[in-house]
Amino acid sequence: MHSLIPLSLLLSFIDSCVYGVHLPVQIRTSNQPRTLSTFSHRAANTTIPVGNYGNAQYFANITIGGEQVAVLLDTGSSDLWVNFPSTVPQTTNSGKSLTLSYAIGSAAGSIVSAKVEFYDYTIDSQAFLLVTDTSSFSTDIHTQGYDGLLGLGPNEGSRILDEIDKDSANSLLTNIFSQTSQTDNFITFLLDRKADPSEDFSAQLTLSEYVKGYEKVADMPKIDVETVHRLLQSEQHWQGLTDKDNGVIGPDGQVILIDSIVPKAPDGQLVAVFDSGFTFTQVPRDLADAIYGRVQGAVYDSKKEWWTVPCGQLLNITFNFGGQSYPVHPMDTVDDNFNIKNDNGTRVCIGSFQPITSAFSLLGNYDMIMGMNFLRNVYTKLDFGSWSGSNSSASDPYIQLLSITDVTQAHSDFVTVRLGGTDTTGDAKWQLLPSSEMQHSPVSEEEKKKKYQEMVLSRWPYILTGCLAAVIIIVGIVCWRCCCRRNKDGSKGALCCHKRAKATVPKFTPSKGSETSYLPLQDQHSMHNASTASLPYDQNASYGGGYNHNSGYSDYSPNPAYDHHPNEYGGGGQTGYKAY
C-alpha cells in the first residue's frame, strides 16, 4: 500500500443509560491534524461541514491510564493496540512482546496492562499492545486521525490472549460484558454516509442497547454465526451464509450465481464475513465482473485491482441473508470519494465491490468480506451470546441486520449528487450491455498461482486421502506381483499364485537355492503444514482518499481502505488494513 489518506474523525459522547451506552462516531471533515481535545464531549450544536474524506475510517475514544486516544473500530479482530501520541501512561509490563504485521507496516511492542475507561465502563487491568515505534508504517498514523485499534471480534481471536492466558488478556468487550448481569451481550453500529442529502443520523456504536428508532433490528432473522464456524472448523469470525441460490441480485435484476470456494459450504450459498475493517467489500472475481463488466465505459485496472466506471452510472444490487433483502445504495456501489482519473484525464469512479484477487481466502474459509460500503446500508447487531463468557447458558452468537436503504430515495439521492438533479439514468449511455458483451477482468499469473495454492491447501484432506489410496493400491500391486513371481532358480511362487501357475505352466522340480528377499515398501508420505503466507496488499490500496469536489474535497492518490486483522484473511492489492 501507499500512504494512508489524511482522514480524521470527530468523536463525541452523548447520554448513556443504566443498561447500555451510545458511542457516537463521526467522520472528521477537516484536513487539520486531530488533537485530543477534538474528541471531547459532544456539544449540542455540533454540526458537520459539507464534504467527506471518503467514508473510509470510523473511530471512537478510549482512555488508557488517564490518556485519551482515538482508536479504529474493527469487527474483524479482537485486540487493542495503541501508540500514544504524546504522554505514555504508567502501565504494568507482562514481559511478553508481540508483533502484528500489516500491509503498510508493523505494530510491534510490549504487552502491558493499565486502567482502561470505555465510556461508562472501567476495566482496572486491561491488557493491550503498547506500540512504541510506528516508523515502519508508510505515514504517521496520528496525522491520519487515529492512535491505535480496538478489535470488536470474539475473544477467541485475541492474539494477546494467546500470549498471556489470564483474565486481563481477555478482549475489552469480554471484560466489559463480565461486569454486567445481563444475558444479552451485544453491540450495534450504525455507519453514516457523508454527502448523502437525505441521511439524517450520525454514526453510532452501542453496547447492549439499540439506537433509538432502530429497535426493529431485534425482529430480524438471526444469522447463525456458529453454523459456519462448526462447518468450517476455522477461526471464529462474524460470518454467515447468503440465501440459497438467491444470494446476490445483480444490476439487471437477475440472480448472480457464483460457486463457493469454501469446500464445505452448502450448495448455492456463499460464506460472508462482516468486517468493518474494509472500506470496500471483497467479492469473488466473477461477481465483481457481473456487477461492472456490462457497464459502458467500464475499465478494469489490473494494477489497482478494481473496476472503474463512469460516475453517473447507477447500479442497484441486493444481498440476501436470512430470507431478507438488503439493497445497496448506488453511491456505495460506485464510489466517488477518490480523485480517480482515466488515461484521458476524465474523472471516473471505483467499483467498490472489489475482486477479492490476492486477498482471497487462502484456506477456503470464506467467499466475501462485507466491508463499510455494505455496512452503511444496514443497522448491524452483533450478539456475542456464548462468546461473551459471562453467561454459560447463553445462546450461540448471531448477527441481525436491519435494512436502512430505501431504493426509491437512494435513486433520488444519486440523481441529485451524481447527475446534478436531472434524472438521465434512462439514457442509452447508461444502459447495460448485453450479457454476450460483458467484459471479464484478467487473471494475472500471480493470482493463478495463488488460486492453485488455495485449491491445494483448501482440499488437502481429499488430496491426502487420494495419495494414501494410491499408496495402498501400489503396495497391493507390488505384493501381488511379488507373490506370483518365481525365484530365479525356478522355485514356485507363493501359494496365492500356485494354482494359477499350475494350470498354465508345465510341472517341474525346482532347484535348490536361497530365498529371494524383498525390501518392504515404506510409506514415506509426509504432510507439510502449509502456513498462511503473508500476502501483502497492493500499496496503492490503503485507507481512502479525498478529492477536489464541489464540497471541498482535497486531492489524494487513490488509496481506499485499510484492513486490520491479525493473520486471518490473506493480503495483496485489496482495500483493507490487514495483519498477518
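Structural data are supplied above this passage.
Criteria and thresholds
- Residues numbered from 1 in each chain as written.
- Predicted model: local features only at pLDDT ≥ 70, side-chain atom pairs only at ≥ 80, totals over all residues.
- Heavy atoms only, no water.
- Helix = DSSP H or I, 4+ residues; strand = E, 2+ residues; numbered from the N terminus.
- Buried < 20%, exposed > 50% of the residue type's maximum accessible area, 1.4 Å probe, protein only.
- Contact = heavy atoms within 4.5 Å.
- Areas by Shrake-Rupley, 256 points an atom, 1.4 Å probe, with all protein chains shown as cover.
- Pairing = 2+ DSSP bridges.
- Axes fitted to C-alpha atoms, helices over the stretch in contact; angles between N-to-C directions.
- Salt bridge = Lys/Arg side-chain N within 4 Å of Asp/Glu carboxyl O.
- Lys, Arg positive; Asp, Glu negative; His and termini not counted.
- Patch = residues over 30% accessible without salt bridge, like charges linked within 9 Å, V, L, I, M, F, W, Y side chains within 5 Å.
- Charge placed at Lys NZ, Arg CZ, Asp CG, Glu CD.
- Phe/Tyr/Trp six-rings, centres within 6.5 Å; stacked < 30°, edge-to-face > 60°.
- Lys NZ or Arg CZ within 6 Å of the ring centre and 35° of its normal.
- Polar contact = N/O pair within 3.5 Å; in protein donor to acceptor, adjacent residues only side chain to side chain.
- Core = buried A, V, L, I, M, F, W, Y, C linked by side-chain atoms within 4.5 Å.

## Things to note about the overall build of the chain
Okay, so step 1: Helix and strand counts for the chain come out as 10 helices and 26 strands.
Okay, so step 2: Residues classed as buried in the chain amount to 54% of the 580 residues present.
Okay, so step 3: For the chain, the proportion of contacts with a sequence separation of at least 24, taken over those separated by at least 6, is 71%.
Okay, so step 4: Accessible area of the chain: about 25,100 Å², with a carbon and sulfur share of 50%.

## Brief notes about the sheet that holds strand 21 (residues 334-341)
Okay, so step 1: Strand order in the open sheet made by the 4 strands is 17-18-22-21, with antiparallel pairing throughout. The open sheet has two edge strands, strand 17 (299-301) and strand 21, and neither has a second partner. For this sheet the average axis-to-axis angle between neighbouring strands, irrespective of direction, equals 40°.
Okay, so step 2: Against the sheet, helix 4 (residues 285-292) engages strand 17, strand 18 (306-309), strand 21 and strand 22 (347-351), with an angle of about 5° to strand 18.

## Let's talk about the pattern of salt bridges
A side chain with one charge can pair with a side chain of the opposite charge if their charged atoms come near.
Okay, so step 1: Across all of its chains, the model carries 9 salt bridges by this definition.
Okay, so step 2: Among the salt bridges present, the one from lysine 194 reaches aspartate 192, with a minimum N-O distance of 2.3 Å. With respect to class, lysine 194 is no different from aspartate 192; both count as buried.
Okay, so step 3: Aspartate 332 serves as the salt-bridge partner of arginine 376, at 3.2 Å between the closest nitrogen and oxygen. One end of the pair, arginine 376, is in the loop between helix 6 (372-375) and strand 25 (378-383); the other, aspartate 332, is in helix 5 (residues 330-333), with 44 residues separating them in the sequence.

## What to know about the side chain of aspartate 79
Okay, so step 1: With respect to the helices and strands, aspartate 79 occurs in the loop between strand 4 (67-74) and strand 5 (80-82).
Okay, so step 2: No salt bridge is formed by the buried aspartate 79; the nearest opposite charge belongs to arginine 159, separated by 6.0 Å.
Okay, so step 3: Those residues within four positions of aspartate 79 in sequence are excluded, and the remaining contacts are Leu149, Leu150, Gly151, Gly157, Ser158, Arg159 and Ile160.

## A word on unusual backbone geometry
Generally, phi is negative for residues other than glycine and the peptide bonds are trans, each holding for most cases.
Okay, so step 1: Unlike most non-glycine residues, serine 208 shows phi in positive territory, near 60°.
Okay, so step 2: Mapping serine 208 onto the fold places it in the loop between strand 11 (203-207) and strand 12 (223-224).
Okay, so step 3: When its relative accessible area of 13% is taken as the criterion, serine 208 is described as buried.

## Focus on a negative patch on the surface
Okay, so step 1: Taken together, the side chains of Asp162, Glu163, Asp165 and Asp167 define an acidic patch exposed on the protein surface.
Okay, so step 2: Position of aspartate 162 among the secondary structure elements: in helix 1 (residues 159-163).

## Here's the deal with the packing of aromatic side chains
Okay, so step 1: As enumerated under the stated definition, the model contains 16 aromatic pairs in all.
Okay, so step 2: Between the aromatic rings of phenylalanine 84 and phenylalanine 128, the centroid separation amounts to 6.4 Å while the plane-to-plane angle is 75°, which identifies the pairing as edge-to-face. Here phenylalanine 84, found in the loop between strand 5 and strand 6 (92-102), pairs with phenylalanine 128, found in strand 8 (residues 121-133); they are 44 residues apart in sequence, far enough to count as distant. With respect to burial, phenylalanine 84 and phenylalanine 128 carry one shared label: buried.
Okay, so step 3: Members of the aromatic cluster, each reached through a chain of ring pairs, are Phe274, Phe319, Phe321, Tyr326, Phe353 and Phe374.
Okay, so step 4: One residue, lysine 222, lies across the ring of tyrosine 398, its end atom 4.5 Å from the ring centre.
Okay, so step 5: Above the face of the phenylalanine 186 ring, lysine 381 is positioned so that its terminal group lies 4.5 Å from the ring centre.

## Topic: helix 4
Okay, so step 1: Buried residues dominate helix 4, accounting for 6 of its 8 residues.
Okay, so step 2: Among all positions of helix 4, only Arg285, Leu287, Ala288, Asp289, Ile291 and Tyr292 are buried.

## Digging into the environment of aspartate 301
Okay, so step 1: Structurally, aspartate 301 can be placed in strand 17.
Okay, so step 2: Linking aspartate 301 and serine 441, residues 140 residues apart in sequence, is a C-alpha distance of 8.5 Å.
Okay, so step 3: Of the polar contacts made by the side chain of aspartate 301, one reaches the backbone nitrogen of lysine 304; its length is 3.0 Å.

## Topic: the environment of threonine 143
Okay, so step 1: Locating threonine 143 in the fold gives a position in the loop between strand 8 and strand 9 (148-151).
Okay, so step 2: As a C-alpha pair, threonine 143 and proline 85 span 58 residues in sequence and 9.9 Å in three-dimensional space.

## Overview of the pairing of strand 26 (residues 398-403)
Okay, so step 1: Counting buried residues along strand 26, 5 of its 6 residues qualify, which places the element largely inside the surrounding structure.
Okay, so step 2: Pairing analysis gives 2 bridges linking strand 12 to strand 26, with the strands arranged antiparallel. For isoleucine 223, the partnering residue across the bridge sits in strand 26 and is isoleucine 399.
Okay, so step 3: In the sheet, strand 25 pairs with strand 26 via 6 bridges, with the strands oriented antiparallel. Within strand 26, the residue paired with aspartate 383 across the bridge is tyrosine 398.

## Describing the nonpolar core
Okay, so step 1: Grouped together as the largest cluster of nonpolar side chains are 71 residues, with contacts concentrated most on Ile64, Phe319 and Phe374.
Okay, so step 2: Setting aside residues up to four positions removed in sequence, isoleucine 64 forms contacts with Val69, Leu80, Val82, Phe84, Pro89, Ala114, Lys115, Val116 and Phe128.
Okay, so step 3: With 19 residues, the next largest nonpolar core counts Ala70, Ala127, Leu161 and Ile164 among its residues.

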